[in-house]
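Residue-level structure breakdown
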Amino acid sequence: MARNVVIPRWSKNLGYMLAYAIRAHNGPYPAEFFLGCSKCQTRVTLTIERLAELIQAKGPLYSVWNRHPKCARCGGKRYYSGSSGGPGAIVFPFTADTQDVTVVSLHQRWKAEKQQERTRG
Ligand SMILES: [Zn+2]
């Protein structure tokens, strides 16, 4: 994993996720965590209680990045995702693809957009 990957610290492991979820819970922008299925598209919300259960089962240092538990409904590959909440906050899939979102790639995207604006006049 490259060092400049834009991975929010709150997604690092279950301990951070629960701490973040609890702190944001009563604020204006509650964090959201999900376990979704890439095949049947079902999406379960990971509540604070569910995160606590996961910590009891896996430990607080367990990372959900690139974990693909089997879907009980269709047998498909599930994946974890999360959002810091609030306006414009994206739901971040915690998968290998997301690791390509680096500071460098974001800057390249920004440069390309600027270039497009310029050529459009
Ligand atoms: Zn499924």
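Check the entry above for the structure.
Heads up: these notes are all about the structure in this document. For clarity, every value in this text was computed on a predicted model and none was experimentally measured.

Moving on, we come to the pairing of strand S3 (residues 78-83). Across the six residues of S3, five count as buried, placing the element largely inside the fold. Alignment of strand S1 (residues 32-37) against S3, held across six bridges, turns out to be antiparallel. Bridge pairing in S3 links Leu-35 to Tyr-80. Of the pairings in the sheet, the one linking S3 to strand S4 (residues 92-93) comprises two bridges and is antiparallel in character. Bridge pairing in S4 links Ser-81 to Pro-93.

Moving on, we get to the pairing of S1. With three bridges joining them, S1 and strand S2 (residues 43-45) adopt antiparallel strand pairing. Looking at S2, one finds that Leu-35 is bridged to Val-44. The turn linking S1 back onto S2 is made up of five residues, and Gln-41 within it adopts a positive phi angle of 65°.

With that settled, consider unusual backbone geometry. A positive phi is found at Gln-41, a non-glycine position, where the angle reads about 65°. Examined against the element boundaries, Gln-41 turns out to sit in the loop between S1 and S2. Backbone geometry at Asn-66 places phi at a positive 60°, although glycine is not the residue there. Turning to its location among the elements, Asn-66 is positioned in the loop between helix H2 (48-58) and S3.

Reading guide: rules and limits
- Residues numbered from 1 in each chain as written.
- Predicted model: local features only at pLDDT ≥ 70, side-chain atom pairs only at ≥ 80, totals over all residues.
- Buried ≥ 20, exposed ≤ 12 C-beta atoms within 10 Å, placed from the backbone.
- Helix = DSSP H or I, 4+ residues; strand = E, 2+ residues; numbered from the N terminus.
- Pairing = 2+ DSSP bridges.

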